[in-house]
Amino acid sequence: VNFNGTETVAIRAAGNVSSITDNGTGDYTVNFTTAISDANYAAIATAAGQVRTASTFSVGTQLAASVRVISYNDVGTLNDTDAMNVAIFR
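Calculation criteria
Residues numbered from 1 in each chain as written. Predicted model: local features only at pLDDT ≥ 70, side-chain atom pairs only at ≥ 80, totals over all residues. Heavy atoms only, no water. Core = buried A, V, L, I, M, F, W, Y, C linked by side-chain atoms within 4.5 Å. Buried < 20%, exposed > 50% of the residue type's maximum accessible area, 1.4 Å probe, protein only. Helix = DSSP H or I, 4+ residues; strand = E, 2+ residues; numbered from the N terminus. Contact = heavy atoms within 4.5 Å. Phe/Tyr/Trp six-rings, centres within 6.5 Å; stacked < 30°, edge-to-face > 60°.

**Quick word on the nonpolar core**
With 15 residues, the main nonpolar core has Val1, Phe3, Ile20, Val30, Val67, Val69 and Val86 as its most contacted residues. Broken down by secondary-structure element, the contributors of at least two residues to this core are β3 (17-24), β4 (27-32), β5 (42-47), β7 (66-73) and β8 (84-89). For this core, the leading source of residues is β4, giving three residues. The residues contacting Val30, other than those within four sequence positions of it, are Val1, Phe3, Val17, Ser19, Ile20, Ala65, Ser66, Val67, Val69 and Val86.

Here it is as structure tokens:
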């Protein structure tokens with residue numbers, strides 16, 4: 001999925017993603033259209049295009065129906081990112 005992580009969170013393009021939940025600054029849950037068979041998948045989060053500051057991304061809770069991703073700026077504070085990308089590999 002590629003989504004706008006600033007202001008009103010919006011999906012730009014996706015495969016098997018029904019929605020994004022904005023849990024607060026720099027904290028998102030990617031909700032799958034069809035659940036994956038279990039939570040033992042690989043998830044990668046990155047940014048594309050223009051970002052506000054240098055960012056670090058981490059994958060939080062992985063469930064069969066969703067994955068939580070978090071974006072931090074270069075000093076470790078949660079920050080929204082203009083173009084978030086999350087890829088799931090099973």
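So, next bit.
**Section: the side chain of Ser66**
You can see Ser66 is positioned in strand β7. When sequence neighbours within four positions are dropped, the list of residues in contact with Ser66 reads Thr29, Val30, Asn31, Phe32, Tyr41 and Thr61.

**Quick word on the environment of Ile88**
Within the secondary structure, Ile88 sits in strand β8. Residue classification places Ile88 among the partly exposed positions, given a relative accessible area of 29%. Linking Ile88 and Arg12, residues 76 residues apart in sequence, is a C-alpha distance of 17 Å. Look past the residues within four positions of Ile88 in its chain and what remains in contact with it is Phe32, Ile36, Tyr41, Ala42, Ala43 and Val67.

**A closer look at the packing of aromatic side chains**
Aromatic ring pairs are described here by two measures, namely the spacing of the ring centres and the angle between the planes. If you walk through the whole model with that rule in mind, you get two aromatic pairs. Ring geometry for Phe3 versus Tyr28: centroids 5.1 Å apart, planes at 75°, classification edge-to-face. Highlighted residues: Phe3 in strand β1 (residues 2-4) and Tyr28 in strand β4, separated in sequence by 25 residues. As far as burial versus exposure is concerned, Phe3 and Tyr28 are alike and both buried. Both rings, one in Phe32 and one in Tyr41, keep their centres 5.9 Å apart while their planes meet at 75°; by these two values the pair is edge-to-face. Taking the relative accessible area as the measure of exposure, Phe32 reaches 8% and is therefore buried.

Honestly, it's all geometry; don't read function into it.
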